[in-house]
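# Coordinate analysis (summary)
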Amino acid sequence: LPKGTAAPPQGSSKARAATHARRRSALSPPVAHRTPGGSPSQMAEKYLHAVSCRGDLDAVRHCLEHAHPNVDGARTRGRTALWEAAARGHAAVCAALLDAGASPDAEDWSGSSPLVVAARRGRNRAVAAFVQRGHASSTALEAASLKGHDDVVQQLLRAGALPTPTALR
């Protein structure tokens, strides 16, 4: 307590609250202070992720050209901007991210890559963006086959994805 102030009565709620606050501050480590939005590169990653989810190609291009974010920076559940764009079928955004160096093999926490999630959800144009850049996999072929997306299966087979026994069922 500051000098000259009287302590609250022993059993009062103010006394208990003051004691609790002293104990909590003595036990908890000091908190490092930082800016609310994080570093500029973290903010650029968050922005890239948000505009990729929305499918805003102009904003994605602007961000890539001016902010230079880490294109493989993962956000929620280990999902990258490319993963989110592929899952939503934003083919032009997928193409821009792949051209900027985003990894088509970056998996989320469940082990799904952007190409696999696009194939599983039947996102033809997004799968085409991967195929045009030389990315096709048996895993994506199997995912599309199991979900009955025959057009995606044909696209991946033409691109050279090797069928697995599960994909041939």
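Quantities reported herein were computed from a predicted structural model and do not represent experimental measurements.

## Some remarks on the environment of Leu82
Mapped onto the fold, Leu82 is located in helix 4 (residues 81-88). Note on Leu82: relative accessible area 0%, which makes it buried. C-alpha separation for the pair Leu82 and Ser103, spaced 21 residues apart in sequence, amounts to 8.0 Å. Dropping the residues within four chain positions of it, Leu82 is found in contact with Cys94, Leu97, Leu98, Ala102, Ser103, Pro104, Pro114 and Phe130.

## Comments concerning unusual backbone geometry
A positive phi angle is found at His68, which is not glycine, with a value near 50°. The residue His68 is located in the loop between helix 3 (57-66) and helix 4 in this model.

## Details of the nonpolar core
Leu48, Val60, Cys94, Leu97 and Leu156 are the most contacted members of the largest nonpolar core, which totals 38 residues. Those elements giving two or more residues to this core turn out to be helix 2 (40-54), helix 3, helix 4, helix 5 (91-99), helix 6 (114-120), helix 7 (124-132), helix 8 (138-146) and helix 9 (150-158). With sequence-adjacent residues up to four places away left out, Val60 is seen in contact with Leu48, Val51, Ser52, Val93, Ala96 and Leu97.

## A closer look at the environment of Ala159
Relative to the helices and strands, Ala159 is located in the segment after helix 9. Linking Ala159 and Ala128, residues 31 residues apart in sequence, is a C-alpha distance of 9.5 Å. Each residue touching Ala159, except ones within four places of it in the same chain, is listed here: Val131 and Ala136.

## A short note on the pattern of salt bridges
Counted by the stated rule, this structure contains 4 salt bridges. Notably, a salt bridge pairs Arg79 with Asp108, separated by 3.6 Å at the nearest N-O pair. Of this pair, Arg79 sits in the loop between helix 3 and helix 4 while Asp108 sits in the loop between helix 5 and helix 6, and the two are 29 residues apart along the sequence. Since its relative accessible area comes to 7%, Asp108 is described here as buried. Here Arg88 and Glu84 are joined by a salt bridge, their closest N and O atoms 2.3 Å apart. Linking Arg88 with Glu84, this pair stays in helix 4, spanning 4 residues, or about one helical turn. We classify Glu84 as buried; its relative accessible area is 7%.

## A look at the confidence of the model for the chain
Low-pLDDT portions of the prediction should not be read for the details of their coordinates. Summing up the model confidence of the chain, the mean pLDDT is 85 and the portion of residues at 70 or higher is 76%. Segment residues 25-35 is flagged for pLDDT under 50; beyond a separation of four residues in sequence, or across chains, it makes 1 contact in the model.

So, how was this worked out
- Residues numbered from 1 in each chain as written.
- Predicted model: local features only at pLDDT ≥ 70, side-chain atom pairs only at ≥ 80, totals over all residues.
- Heavy atoms only, no water.
- Helix = DSSP H or I, 4+ residues; strand = E, 2+ residues; numbered from the N terminus.
- Buried < 20%, exposed > 50% of the residue type's maximum accessible area, 1.4 Å probe, protein only.
- Contact = heavy atoms within 4.5 Å.
- Core = buried A, V, L, I, M, F, W, Y, C linked by side-chain atoms within 4.5 Å.
- Salt bridge = Lys/Arg side-chain N within 4 Å of Asp/Glu carboxyl O.
- pLDDT = per-residue confidence, 0-100.

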